[in-house]
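Structural description and commentary
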Amino acid sequence: MSPRAWWLRTIGLFTGRRHGARFDAELESHLQLHIEEQVARGIAPEEARRQALIALGGVQAAREAYRDRGGFPSIDSLLQDIRFAARMLRKSPGFTLTAVLILGLGIGANTAVFSIINAVMLRPLNGGSLERPLVGLYSGDHTRPDRYRAFSYPEYVDIRERSNVFTHLIAESSMRTGITEAGQTRRIDAQLVSSNFFAAQNAPMVAGRAFLPREEDPLADAAVAVVSYAFWRRHGLASTLVGQPIVLNGRQFTVVGIAPEWFQGTMPVMSADVWVPFGAARLLAPADQRGFFVPASMDRSAQGLLLAGSLQPGLSVTDAEARLQPLARAFATAYPEFNATQQLVVRERSRTARGTRPRTDTESLAGAGLVMAIASLVLFVACLNLANMLLARSGARRQEIAVRLALGCSRARIVRQLLVEGLMLSAVAGAAALLFSWLGARQFVETMRGLSEIAIAVDVSPDVRVVVVVVAAAVVSTLIFSLGPAWRLSRPQLTAAMKPSSSLADGARRAWLPGTMVAAQIAVSVTLLVWAGAFVRVGARAAAADPGFPLEGRLIAQVDPRLVGYDATRGRAAMRSVLARLRETPGVVDASFASIVPFGAESEGRAMRADGSKAAPVFSRNVVIGSRYFSTVGLPIIAGRDFSASEEVRTDAAVAIVDDRLANRLFGPNTNPVGRIVHLVDPEGGVDDSVQVVGVVPSVRDDATEGPVAHLYVPFGRTFRMDMTFHVRVDPASEARMLDEMRQAIRAVDDRLPIQMLRTMTAHRDNSSALVWTIAGTATFAAFGVIGLALSTAGVYGLRAYLVARRTREIGLRVALGASRQQIVRLLLRDGAWIAVAGIVAGAGMAAALIRVLQQSGELDEVNGLDPLVYGAAALALGLTTTLASYLPARRAMRIDPAIALRPE
Amino acid sequence: MGRKTSDVWQGTLALMVLKTLDTMGPLHGFGIARRIEQTSGDRLSVNYGTIYPALLKLEQEGFIAGDWGVSETNRKARYYKLTRTGRKRLENAAAEWAEATDIVGRFFATGDRS
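Heads up: these notes are all about the structure in this document. Note that the structure is predicted; figures quoted are calculated from it, not measured.

What follows covers the overall build of chain A. The number of helices and strands found in chain A is 28 helices and 23 strands. Computed over its C-alpha atoms, the radius of gyration of chain A comes to 38 Å, more than 25% above the 29 Å expected for a compact globule of 905 residues. Seen along its three principal axes, the alpha-carbon backbone of chain A occupies a region of about 130 × 75 × 55 Å. The 905 residues of chain A split such that 49% are buried. Looking at chain A alone, contacts between residues at least 24 apart form 79% of all its contacts between residues at least 6 apart. In the structure as shown, chain A presents an accessible area of about 41,200 Å², 59% of it carried by carbon and sulfur atoms. Within chain A, the 79 negative side-chain charges are centred at a point lying 10 Å from the centre of the 98 positive side-chain charges.

The next point concerns the interface of chain A and chain B. Taken together, the contacts link 30 residues of chain A with 26 residues of chain B. A salt bridge links Arg-34 of chain B to Glu-37 of chain A; its shortest N-O distance comes to 2.6 Å. Remark: the boundary between chain A and chain B carries seven residue pairs in polar contact (both at pLDDT 80 or more). Those elements giving two or more residues to the side of chain A that touches chain B turn out to be helix H1 (3-41), helix H2 (45-56) and helix H3 (59-70) of chain A. When residues of the side of chain A that touches chain B are assigned to their parent elements, the largest contribution, 18 residues, is made by H1 of chain A. Partitioning the side of chain A that touches chain B into residue classes produces 14 nonpolar, eight polar and eight charged.

Our next topic: a nonpolar patch on the surface. All names here are of chain A. On the surface, Leu-423, Val-467, Val-471, Val-475, Leu-479 and Leu-483 cluster together into a nonpolar patch covering about 440 Å² of accessible area. At five residues, the largest contribution of residues to the nonpolar patch is made by helix H15 (residues 464-489). You can see Val-467 is positioned in helix H15.

Quick look at the pairing of strand S18 (residues 655-659) of chain A now. Residues and elements named next belong to chain A. Of all five residues making up S18, five are buried, and the element is well covered by its neighbours. Burial along S18 is two-sided: Val-655, Ile-657 and Asp-659 facing one way and Ala-656 and Val-658 facing the other are all buried. When S18 meets strand S20 (residues 687-697), the two strands line up parallel, connected through five bridges. When the bridges of S20 are listed, Val-655 appears paired with Gln-692. Where S18 and strand S21 (residues 711-715) come together, two bridges link them in antiparallel fashion. Paired with Ile-657 across the two strands is Tyr-713, which belongs to S21.

Calculation rules
- Residues numbered from 1 in each chain as written.
- Chains lettered and ligands numbered in written order.
- Predicted model: local features only at pLDDT ≥ 70, side-chain atom pairs only at ≥ 80, totals over all residues.
- Heavy atoms only, no water.
- Helix = DSSP H or I, 4+ residues; strand = E, 2+ residues; numbered from the N terminus.
- Rg over C-alpha atoms; globule rule 2.2 N^0.38 Å.
- Buried < 20%, exposed > 50% of the residue type's maximum accessible area, 1.4 Å probe, protein only.
- Contact = heavy atoms within 4.5 Å.
- Areas by Shrake-Rupley, 256 points an atom, 1.4 Å probe, with all protein chains shown as cover.
- Lys, Arg positive; Asp, Glu negative; His and termini not counted.
- Charge placed at Lys NZ, Arg CZ, Asp CG, Glu CD.
- Salt bridge = Lys/Arg side-chain N within 4 Å of Asp/Glu carboxyl O.
- Polar contact = N/O pair within 3.5 Å; in protein donor to acceptor, adjacent residues only side chain to side chain.
- Nonpolar A, V, L, I, M, F, W, Y, C, P; charged D, E, K, R; others polar.
- Patch = residues over 30% accessible without salt bridge, like charges linked within 9 Å, V, L, I, M, F, W, Y side chains within 5 Å.
- Pairing = 2+ DSSP bridges.

Scope: geometric values only; no functional claims are made or implied.
This is the structure:
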């Protein structure tokens, strides 16, 4: 066929009707001309017409042949199916709407979950600016397999210059920074990066320039910064932003470049606003703070950089690692103090975690897979529902189908047509699902963003992968809910179907398939509810967990003078002034401060050893506190004493307070640790500092979902921290008012001090991210559970209504024979009860088995797999809903009038 | 009696249509069918089902063009005429047909061995 013919035929698909009419006219004229010719020969007009019709052959056949040539016959019949399906769906809007809603909900849930998974785990970073993502370079230890550390700047430069493995090797770190805009200071994490950071990721600046190599020198004092596109957008996309100053940690920096809109940095989920070169590190550090860690300096002992690079083309990860071994050995010889046992490790980077050690995403993927599996279960239930609905509804179409079969339509054709109907439903539902899921996923991300302390940027807009998932879900759903009913309906039992009413015996026999499907739905719903219930228990336990100290009447305020550029001296003075002022404020029972606050996102650990002990170092949390911390927070002193006011100030007080957990681990149980010496050690075991234990307190939990951990408390005088959280104890009734008083007190001391957080301890606990994640997970499972329950209830109702309708004659007969209404109801309920019981038992078994499997794989430790309360609640919920759903149709059956029911059709 | 339609038959029918239009000028479907029957000495009978698919195919391939007109008896009918492409096709087809007949003819010629 020539291209011209192809083209005309394709157009013919759409203009078929118009051409058909034209062709009819042509045929008619042909006929008339023939008749005229015959009449001219002398034959009578009617005879002429009759002969003409015979001679010219079947008009219908001609039309068919014409149509077959005019378009593509197979596509033509498909289009016909589609038009027919659309008409059938339009005819019953109630059913169509319900079906679209149910299916849309099921597909939408799956798509929403997948969108988030796609955004976090699958989407190429930075829109795919790099063909091959960066791999991570890690500093391991070949004597200890699990020990990793960050790199120092001189190390990074050495590797970059001497290795033959990377086309680009970048280094990054971050520093907590205060950015002051319009008099307000807020906290961000400025990203410290090497000068090739943007070039290595194919990210050209949209304005200005990236960093110069000389700005990377840690001694350069380069007060320059690159800002993100979002930052630029917040400043109105002003063309003059490049060259303008921004204030970081109280110092003036100059904006030299603006990153592209799609650039997110090296992590898929976190967003960065400000990048600075290594040469800015010194400027951002507070002056004269002893022991403050600057991640980039010329000192090889300052190890704070994370490295990543793009491998040379064709080089595999294992080959790259092998090629770096000679370099590691050279380092070991040249710098035995730092690199004696160093092993350079190259690994693919994780998408969800970033740190000094290589991580894989298997755990995250497993968790994601779990959630998707649950969402798929919900979709499955929805499909079963639809299948039942279709079966019930199509009872009426039996006659139509029987007639079509009798007229010679093939069974495959009928099945195809029913499938097309199903596909149309799925298509509409899929489009709706795409919309629902996009909105839902966006809302979820927004909520998480509001609650998270780190800046999150996740793009959950649908891309090709998401659309593919929607289409796949729609197609699979269609097959599940359409194929079965279609196959059944097209079975050629012509005579039975063509008879107007079904026989009495049919009711019981035919109902096994819908009944099984409903039982399956109930089983899946029970599983979902059991899971939801188990997680709800975990969440409730976490929320109600006693942290070990009272929460009422406690207020906290987080202040970091470093963010406005205070050096150590000024910062220390400012913090002490604020504390003094707070202690004097009327309404304050007691006040103190601490470097770490429970339920926060940060923690600090320390290794230590008891004096005289040969055992391995013990790790515990390390908290710098002021005096009267424990009385403010509400913890009793079990033994010894609290820190004194002078120890809060003096730099030479080598004392510490331990909690009972730490005392146990350092000195053994039932030993009084007061007076004993503890050595604080570095990772190699060398002693950093030695302190004497002066007091013991009870241990507390720092996290809503974890147990209590060991803590070591050291006084503020000796170990200075810039960013401390003030704790204030007030009368619980005055919490709201005292929050305001706190703010004013801090402002009164120094109004430049940025207050990052000011809230009650209770609010802080409620907002802690661990709790939030647990609640989010619980809410998701609960939502799925409820959706599953709603779907299966609808399914039960639909089935019962259908069955009652089919058994109308039988019921009418029974009533006429003297059965009471109650007996009828009981009869119907009894049949339904078996299905419900079977489903509940099966579901409970499935749930228990699945939880057992997950527990063995270590995924769900806190979840109790056999909690009787949860199983009981799930069984009760389903029992109640199924009974109710069965009862309503049964009640309608009660009102069946035998005279009407027994009337012949 | 019409013979069963086959691809070869359809191809020759198409040629007959083109030749008819070439000889007779623009003609309507009925006229073409009638003319073919006459030319074949009434050994072929052409009905709706054969002529119209052929006309449609020729029109799709661009060898003929159809337009509404009025017949001698003042009846509205669709007239077809040969296009330039169609004329060229006819010339080529005539040559091909002559060659085909010649070759096949050799097989059926009795007595000659060359």
